[in-house]
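# Coordinate analysis (summary)
Chain by chain, the residues:
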Amino acid sequence: MANPSLELKSIVHEYGQGDSVLQILKGASMKLMPGEMVALVAPSGTGKSTLLQIAGLLEKPTSGEVFLNGREASALDDDARTAFRRNDVGFVYQFHHLLPEFTARENVMLPQLIAGLSPREAAERADQMLDYLKIGHRADHRPAELSGGEQQRVAIGRAVANAPRLLLADEPTGNLDPGTAGYVFEALEALVRQSGLSALIATHNLEIAARMDRRVTLQDGLVVDRDAD
Ligand SMILES: Nc1ncnc2c1ncn2[C@@H]1O[C@H](COP(=O)(O)OP(=O)(O)OP(=O)(O)O)[C@@H](O)[C@H]1O
């Protein structure tokens, strides 16, 4: 059987020190299988962003293990973690974080250039990606010239430009009106389904969550199946 794209084992995470320690995750475990799209739906402050940051190797857990594609990643040194993150994980956030001085195409090219592709290859792939996300006609525009939904589609294109195996998204439609949110999620979903990557997506939008393969929540610092109730 294939390795999970992501496996979290008994993740504990604390913020603060001494008397002010706040234990947010208390032994959270979950698996995400290749091609699976899972919604993380939980109240504000329960640790969704923390969990995503740990899964994407942006934050080291206080204890516990993170496996990406079957490889234990939490024990790697900083350089190896960075390489792993760059090659295997794509991130989408609530706010697009596009670089304002670059065009849509250049924003999607950037991670590919960092990964070593030639400018010509990176531009070709960026254009394909933007076409796929139905914003090819906006490739030469800067983020400030794009609508919120268009900006977020560029951010999705950038996240998957290096063909990661895992996509982590933290409220990717949280900043959009409901109609635009649905449209942007459709583009994200089509891309995930077509490329076979796995996605863990934190969202407060229950309609969007309903369209994923399954839903989990965070309860008392643990990951719990949300479809059971
Ligand atoms: N760097 C930090 N230092 C101290 N406490 C933190 C830090 N980051 C997060 N927290 C606290 O940890 C808890 C969980 O935060 P987190 O951002 O993971 O929650 P969330 O479920 O993503 O919330 P939201 O839905 O509001 O984004 C919160 O109480 C938050 O205040």
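Only a predicted model underlies this, so the values are computations on that prediction, with no experimental measurement involved.

## Quick word on the overall build of the protein chain
Of regular secondary structure, the protein chain possesses seven helices and ten strands. For 229 residues, the compact-globule formula gives about 17 Å, and the C-alpha radius of gyration of the protein chain, at 17 Å, lands near that figure. In terms of principal-axis extent, the alpha carbons of the protein chain reach across some 50 × 40 × 40 Å. In the protein chain, which comprises 229 residues, the share counted as buried stands at 49%. If you take every contact in the protein chain between residues at least 6 apart in sequence, the share linking residues at least 24 apart comes to 70%. Carbon and sulfur atoms form 49% of the exposed surface of the protein chain, whose accessible area is close to 10,900 Å². One finds the centroid of the 23 positive side-chain charges in the protein chain at a distance of 3 Å from the centroid of its 31 negative side-chain charges.

## Description of the sheet that holds strand S6 (residues 89–92)
Spatial strand order, S6-S7-S8-S3-S9-S10: six strands in an open sheet with mixed pairing. Lying at the two open borders of the sheet, with one neighbouring strand each, are S6 and strand S10 (222–225). Taking each pair of neighbouring strands and ignoring which way they run, the sheet shows an average axis angle of 25 degrees. Summarising the sheet, S6 and strand S7 (residues 166–170) pair through four bridges and their orientation is parallel. What sits directly across from phenylalanine 91, in S7, is leucine 168. Relative to S6, helix H5 (residues 148–160) is tilted by about 165 degrees, and along the sheet it contacts S6 and S7.

## With respect to the site of the ligand
What surrounds the ligand is the set Tyr15, Ile24, Pro43, Ser44, Gly45, Thr46, Gly47, Lys48, Ser49, Thr50 and His204. Interatomic distance of 3.0 Å between a backbone N/O atom of glycine 47 and an oxygen atom of the ligand. Within the side chain of serine 49, one N or O atom sits 2.8 Å away from an oxygen atom of the ligand. For the ligand, the protein covers 56% of the area, taking 640 Å² as the surface of the free molecule. Among the elements that take part in the shell around the ligand, helix H1 (residues 48–55) stands out by supplying three residues, more than any other. For the shell around the ligand, the residue count by class is three nonpolar, seven polar and one charged.

## Re the packing of H5 against helix H6 (residues 178–195)
Running from amino to carboxyl end, H5 crosses H6 at an angle of 20 degrees, the nearest separation of the two axes being 10 Å. Classed by the angle they form, the pair H5 and H6 counts as roughly parallel. Along this stretch, H5 crosses H6, giving a crossing that reads as right-handed. For the pair formed by H5 and H6, the contact residues are Gly149, Gln152, Arg153, Ile156 and Val160 on the first element and Thr180, Tyr183, Val184, Ala187, Leu188 and Leu191 on the second. For the contact of H5 with H6, the class distribution of residues is seven nonpolar, three polar and one charged.

## Looking at the nonpolar core
Val154, Leu167 and Ile201 are the most contacted members of the largest nonpolar core, which totals 39 residues. Leave out the neighbours within four places in its chain, and isoleucine 201 touches Met37, Val38, Ala39, Leu40, Ala169, Pro172, Phe185, Leu188 and Met212. If you look at the next biggest cluster of nonpolar residues, it comprises 30 residues, including Leu40, Ala42, Ala73 and Val89.

Analysis parameters
Residues numbered from 1 in each chain as written. Predicted model: local features only at pLDDT ≥ 70, side-chain atom pairs only at ≥ 80, totals over all residues. Heavy atoms only, no water. Helix = DSSP H or I, 4+ residues; strand = E, 2+ residues; numbered from the N terminus. Rg over C-alpha atoms; globule rule 2.2 N^0.38 Å. Buried < 20%, exposed > 50% of the residue type's maximum accessible area, 1.4 Å probe, protein only. Contact = heavy atoms within 4.5 Å. Areas by Shrake-Rupley, 256 points an atom, 1.4 Å probe, with all protein chains shown as cover. Lys, Arg positive; Asp, Glu negative; His and termini not counted. Charge placed at Lys NZ, Arg CZ, Asp CG, Glu CD. Pairing = 2+ DSSP bridges. Axes fitted to C-alpha atoms, helices over the stretch in contact; angles between N-to-C directions. Near = heavy atom within 4 Å. Polar contact = N/O pair within 3.5 Å; in protein donor to acceptor, adjacent residues only side chain to side chain. Nonpolar A, V, L, I, M, F, W, Y, C, P; charged D, E, K, R; others polar. Parallel < 35°, antiparallel > 145°, perpendicular 65-115°, else oblique. Left-handed = near helix turned anticlockwise from the far one by under 90°. Core = buried A, V, L, I, M, F, W, Y, C linked by side-chain atoms within 4.5 Å.

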